[in-house]
Amino acid sequence: MGVRSATKLHISPAHSAARRSLFLPLAAVALLCSASYLLGARQHGGGLPFSSPSPRSVSIATDITCTTTLTPSTPSLDFSAHHAAAFDPAASKAASSASSAAPRRYPACPDEYSEYTPCEDVKRSLRYPRDRLVYRERHCPSERERLRCLVPAPAGYRNPFPWPASRDVAWFANVPHKELTVEKAVQNWIRVDGDKLRFPGGGTMFPHGADAYIDDIGKLIPLHDGSIRTALDTGCGVASWGAYLLSRDILAMSFAPRDSHEAQVQFALERGVPAMIGVLASNRLTYPARAFDMAHCSRCLIPWHLHDGLYLMEVDRVLRPGGYWILSGPPINWKKYWKGWERSKEDLNAEQEAIEAVARSLCWTKIKEAGDIAVWQKPANHVACKASRKKAAAKSPPFCSSRKNADAAWYDKMEACVTPLPEVSGASEVASGAVQKWPQRLTAVPPRVTAGSLKGVTAKAFLQDTELWKKRVRHYRAVINQFEQKGRYRNVLDMNARLGGFAAALALASYPLWVMNMVPAVVGNSSAALGVIYERGLIGSYQDWCEGTSTYPRTYDLIHADSVFTLYKNRCEMDIILLEMDRILRPKGTVIIRDDVDMLVKIKSVADGMRWDSQIVDHEDGPLVREKLLLVAKTYWTAKDQDT
């Protein structure tokens, strides 16, 4: 994946002679047109990159009442009929056709689909095997089963509380479920308080709160010096562990299946905490190798000791060299809890011994078991591990074949083998290269780039990409007033994250938000690119945008789509992607789509039938660049008023 430069307007050879003979008159006309354009743009806020937004800057997703439709304060730039005429007659004809045709109006889905998750649909999952929870994995709808409608918000939906208040409180109407408030009442997961949901920060194994529990972990491993930045929480509940790690500058990817603990991931997202639907079953987790500095299971009910230790081998794959695995809950401290867990001493002891054996076979070192918490550490390299295996008589799982891409994780099956770490020149060297401490690692050249793992991406190109996205985010701030509203955006999605430059630029600007960096599985270098994102101290996942995402409706406040539609133009229909974007976008949410202007015209023709308000504005480098921005505001509507 190389650093992409902006594509300039192409002037075909047929116009060359005419341009030479008419150069001076055209130059004069161009100067007059440019002056007129700049004057108009300054008067109407047409996307010029001012250092700070003026009152007439593009304003999208502003406060909307339930009965009104947003009207952008700045007129749209109209490219539909004439923009490409002088340069590309075919494109002009297509754009004109798209403009003149009435947009298809997409209906609202029935109310029962307000929490629809297409690839984790509860009814469809019953067709699949129960063994090893395969039925809880991703099973996306066939073309015949696809919904071609807009998923409604529940009646009474309100904008979530801004961060950090959202960590502790949410509107009940947004996630109207009481099951966990009853089932986990004594564990302080969640409780109903009038029209609100309260999250006290408790958990099954941390009755004194997540903060105190994390402090206990911090006595065993270094949580405060920046060496631990990315974390994985398996079976996360309502993600209180991840929520309270954020104040320590640790970013956790929390996942749990869509199961009997109704809406647990949805609660996490409503709180403004990174999370996604997922399960350890038969497929690899959708993250690259060596992604996380720390992994965690607090009574997550994953049978780590079964299936030849397969699930612990998958944790080993995604842990960075020197990374930590933390386990609390059964069977840890079973001598104290065995009666309450309603299991025999012999059963719990056997389970712990089996887990210890799997950890040893992975060459992990047990750091300590203190009270309810046990911590293991993955080796920094496999030099000693390979040497010890030659001497050991005990059976150990084999190392996975070097032909298998350790980063590949889009429907790739887990294997009962140890993922080999990259070779090192000495026993003290960190395999694949050490990352810097946070926050320096955000902008430092990642080890995968230094090693040449991404074709065409050099250290220089990486640093240039970082500067490019800083410039682009400054432009976004200039044309979207909501960037200046504190707390306006919390949950952000980048649909084609490349090297994570967009997320890095937002982090450098100190916005109180997190970004889910998606790397399309159809892109070459995709596995290495997502590895780079994690090496920067950011999080993300693989995704194919012809399928639904593993998240609930109304997850994101802001969606960023850089060249996504050009990438997928021959892979699936445009409205499949747009309808999925609408499903996961919150009412009043914002979308930024970067693409060629002719593609944006086509996108806008579809978006106009989706209750979106949209407008095209210029590229940060000015009006003569073919790549432009389509800015979108999703209007507010709910299941109650879906037919209005």
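Residues numbered from 1 in each chain as written. Predicted model: local features only at pLDDT ≥ 70, side-chain atom pairs only at ≥ 80, totals over all residues. Heavy atoms only, no water.

Topic: the pairing of strand S9 (residues 365–370)
Argument step 1. Where S9 lies against strand S10 (residues 373–377), 5 bridges are found, and the strand directions are antiparallel. Residue pairing in the sheet places glutamate 369 in a bridge with alanine 374 of S10.
Argument step 2. Adjacent in sequence and paired antiparallel, S9 and S10 are bridged by 2 residues, among which glycine 371 carries a positive phi angle near 65°. (Pairing = 2+ DSSP bridges. Helix = DSSP H or I, 4+ residues; strand = E, 2+ residues; numbered from the N terminus.)

Digging into unusual backbone geometry
Argument step 1. Proline 164 follows tryptophan 163 through a cis peptide bond whose omega is 10°.
Argument step 2. Relative to the assigned elements, proline 164 resides in the loop between helix H4 (122–125) and strand S1 (169–171).
Argument step 3. In this structure, the amide linkage connecting tryptophan 438 to the following residue, proline 439, adopts the cis form with an omega of 10°.
Argument step 4. Position of proline 439 among the secondary structure elements: in the loop between helix H12 (383–391) and helix H13 (447–450).

Section: the state of the cysteines
Argument step 1. Inspection of every chain in the model, using the stated rule, returns 6 disulfides.
Argument step 2. At a sulfur-sulfur separation of 2.0 Å, the disulfide partner of cysteine 119 is cysteine 140. Disulfide cysteine 119 to cysteine 140: torsion about the S-S bond roughly 110°, handedness right-handed. One end of the pair, cysteine 119, is in the loop between helix H3 (89–100) and H4; the other, cysteine 140, is in the loop between H4 and S1, with 21 residues separating them in the sequence.
Argument step 3. Given a relative accessible area of 22%, cysteine 140 falls into the partly exposed group.
Argument step 4. At a sulfur-sulfur separation of 2.3 Å, the disulfide partner of cysteine 546 is cysteine 572. Classification of the bridge connecting cysteine 546 and cysteine 572 rests on its S-S torsion, roughly -90°, and on that basis the disulfide is left-handed. Of the two residues, cysteine 546 sits in the loop between strand S13 (539–543) and strand S14 (556–562) while cysteine 572 sits in the loop between helix H17 (564–567) and helix H18 (574–584), which places them 26 residues apart along the sequence. (Disulfide = S-S within 2.5 Å. Buried < 20%, exposed > 50% of the residue type's maximum accessible area, 1.4 Å probe, protein only.)

What to know about the side chain of glutamine 543
Argument step 1. Turning to its location among the elements, glutamine 543 is positioned in strand S13.
Argument step 2. Side-chain polar atoms of glutamine 543 contact the backbone oxygen of glycine 548, separated by 3.3 Å.
Argument step 3. In this structure glutamine 543 touches Arg138, Trp410, Met518, Val519, Pro520, Ala521, Gly548, Thr549 and Tyr568, once residues within four positions along its chain are discounted. (Polar contact = N/O pair within 3.5 Å; in protein donor to acceptor, adjacent residues only side chain to side chain. Contact = heavy atoms within 4.5 Å.)

Quick look at the sheet that holds strand S3 (residues 196–198)
Argument step 1. Strand order in the open sheet formed by 3 strands is S1-S3-S2, and the pairing between neighbours is antiparallel. A single partner strand is all that each edge strand has here, and the edge strands are S1 and strand S2 (191–193). Averaged over all neighbouring strand pairs, the angle between strand axes comes to 35°, with direction disregarded.
Argument step 2. For S1 and S3, the ladder comprises 3 bridges, and the chain directions are antiparallel. The partner of valine 169 across the bridge, within S3, is arginine 198. (Axes fitted to C-alpha atoms, helices over the stretch in contact; angles between N-to-C directions.)

Regarding the confidence of the model for the protein chain
Argument step 1. Across the protein chain, the average pLDDT comes to 85, with 82% of residues at or above 70.
Argument step 2. Of the regions scoring below 50 in pLDDT, residues 1–30 engages in 38 contacts with residues more than four places distant in sequence or in other chains.
Argument step 3. Note that residues 32–95 has pLDDT below 50 and, in this model, 112 contacts with residues that lie over four places away or in other chains. (pLDDT = per-residue confidence, 0-100.)

Considerations on the sheet that holds strand S11 (residues 491–494)
Argument step 1. Taken in spatial order, the 7 strands make up an open sheet running S13-S12-S11-S14-S15-S17-S16, and their pairing is mixed. Bordering the open sheet on either side are S13 and strand S16 (612–617), each of which pairs with just one other strand. Between one strand axis and the next, the sheet turns through 20° on average, direction left out of account.
Argument step 2. Pairing of S14 with strand S15 (residues 585–596), which is carried by 6 bridges, proceeds in the parallel orientation. Looking across to S15, one finds that alanine 561 is bridged to isoleucine 593.
Argument step 3. Those strands touched by helix H15 (residues 501–508) are S11, strand S12 (514–520) and S14, and its axis lies near 170° from that of S12.

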